[in-house]
Amino acid sequence: MPELPEVETVRRGLEPAMQGARFAKVEVRRGDLRWPLPKDFAKRLQGKTVTGMGRRAKYLLADVSSGDVLVMHLGMSGSFHVFDGAGHGKPGAYYHERLKHAAHDHVVFHMSSGAIVTFNDPRRFGSMKLVPRQKLDAEPLLRALGPEPLGNEFDAAMLAQACRGKKTSLKAALLDQRVVAGLGNIYVCEALHRALLSPKRQASTIATRTGAPNERAERLVDAIKAVLNDAIKAGGSSLRDHKRTDGELGMFQHNFRVYDREGQTCRTAGCSGTVKRIVQNGRSTFYCPTCQK
Ligand SMILES: [Zn+2]
């Protein structure tokens, strides 16, 4: 499942092809994604211009000149690919791969820029929805989301307040999209390792009794921002399905310090511990019991 860095990587790939361009033609080849696309989906987009390409948590938000926002989610296996329109780029391994999987190109945007943007999703857990801009704040998909971790408003005070009195583990708290939006299993494991905090630690222990942040909250917020920024710089992590919109793989999986490294040596400087895998809330957690306290 793509997390914030992978979605941000996709946003950055779509922006030059879509922002400022008009939907010349919209093809819906299969409308039964996670939810059915509205019947007038193509009609509401065709002829309209994309005025902005944003992101909220794991949602891509394309502002359209009609006043709608096109809200898109990659689901489990969704990906976008941008053909630049100047012939299909370089024929090569990737090009052939596209032909093979074209059956899963469910939505195709033909942009006035000449770019062709395809949404491919073998498992069809991805989604697209048109929401009037003035109703976006009330949109159920977005309403309950916590702060953007890379936003200025997300700081130790805010995280501590959200974790105040919480009896759940720190791992579970960070996966809760109401506490902070956009993090999933990979980046929570990696952030906790960078902050040298145990995933099993009770969430409330990063706050004082009155909800003020302690030094652990400061470290954790710094670690979350750092790991997300590093991952975005690397184009996200490609484990199964994530690719950049130009078909290249993200590279951050090579920089994992604990995720998927069970039994290997901890990468904290000066620590000779071994990465351990445990199961928390039904999902694997990777951490170093030696330096994460
Ligand atoms: Zn360690």
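Residues numbered from 1 in each chain as written. Predicted model: local features only at pLDDT ≥ 70, side-chain atom pairs only at ≥ 80, totals over all residues. Heavy atoms only, no water.

A.B. asks: Help me out: how do you make sense of the layout of surface pockets in this one?
C.D. replies: A probe matching the size of a water molecule, rolled over the atoms, marks out where space remains unfilled. Approximately 550 Å³ is the volume found for the largest pocket. What lines the largest pocket is a set of 28 residues, and nearest its centre among them are M1, P2, I186, L239 and R240. At the level of secondary structure, the elements contributing two or more residues to the lining of the largest pocket comprise α1 (4-18), β5 (79-83) and α7 (185-194). Looking at the lining of the largest pocket residue by residue, the classes come out as 11 nonpolar, eight polar and nine charged. (1 Å grid on protein atoms, 1.4 Å probe; cavity = no way out; pocket = protein on both sides within 12 Å on 5 of 7 lines; lining within 4 Å. Points joined across faces, edges and corners; volume = space filled by probe spheres on them. Helix = DSSP H or I, 4+ residues; strand = E, 2+ residues; numbered from the N terminus. Nonpolar A, V, L, I, M, F, W, Y, C, P; charged D, E, K, R; others polar.)

A.B. asks: Where do I start with the sheet that holds β5 in this structure?
C.D. replies: Adjacent strands of a sheet pair through backbone hydrogen bonds, lying either parallel or antiparallel. Strand order in the open sheet formed by four strands is β1-β6-β7-β5, and the pairing between neighbours is antiparallel. Edge positions in the sheet fall to β1 (23-28) and β5, since each of these pairs with one other strand and no more. Each adjacent strand pair in this sheet contributes to an overall mean axis angle of 15°, direction not counted. Judged from the five bridges that link them, strand β6 (residues 105-111) and strand β7 (residues 116-120) form a sheet pairing that is antiparallel. Following the sheet pairing, D105 is matched in β7 by N120. Relative to β5, α1 is tilted by about 35°, and along the sheet it contacts β1, β5, β6 and β7. (Pairing = 2+ DSSP bridges. Axes fitted to C-alpha atoms, helices over the stretch in contact; angles between N-to-C directions. Contact = heavy atoms within 4.5 Å.)

A.B. asks: Teacher, can you tell me more about the coordination of the zinc ion here?
C.D. replies: Note on metal sites: the ideal angle is 109.5 degrees for four tetrahedral donors, and 90 or 180 degrees for six octahedral donors. Only C266 (SG), C271 (SG), C288 (SG) and C291 (SG) from the protein reach the zinc ion as donors, at distances of 2.3 Å. Coordination at the zinc ion comes from four donor atoms whose angles at the metal span 106 to 115°, giving a geometry best classed as tetrahedral. Within one chain, the residues serving as donors to the zinc ion are arranged as C-x4-C-x16-C-x2-C. One end of the pair, C271, is in the loop between α8 (215-233) and β9 (276-280); the other, C291, is in the segment after β10 (283-287), with 20 residues separating them in the sequence. (Donors = N, O, S within 2.8 Å, 3.2 Å for Na, K, Ca; no water. Tetrahedral: all angles 85-135°; square planar, octahedral: opposite > 155°, others 65-115°.)

A.B. asks: So what exactly am I meant to see when it comes to the sheet that holds strand β8 (residues 127-132) here?
C.D. replies: Pairing in this open sheet of four strands is antiparallel, and the strands run β2-β3-β4-β8 from one edge to the other. Bordering the open sheet on either side are β2 (50-56) and β8, each of which pairs with just one other strand. Neighbouring strand axes in the sheet, compared pairwise and without regard to direction, differ in orientation by 20° on average. Relative to β8, strand β4 (residues 68-73) is paired through six bridges, and the arrangement is antiparallel. Considered in β8, the bridge of H73 is made with S127.

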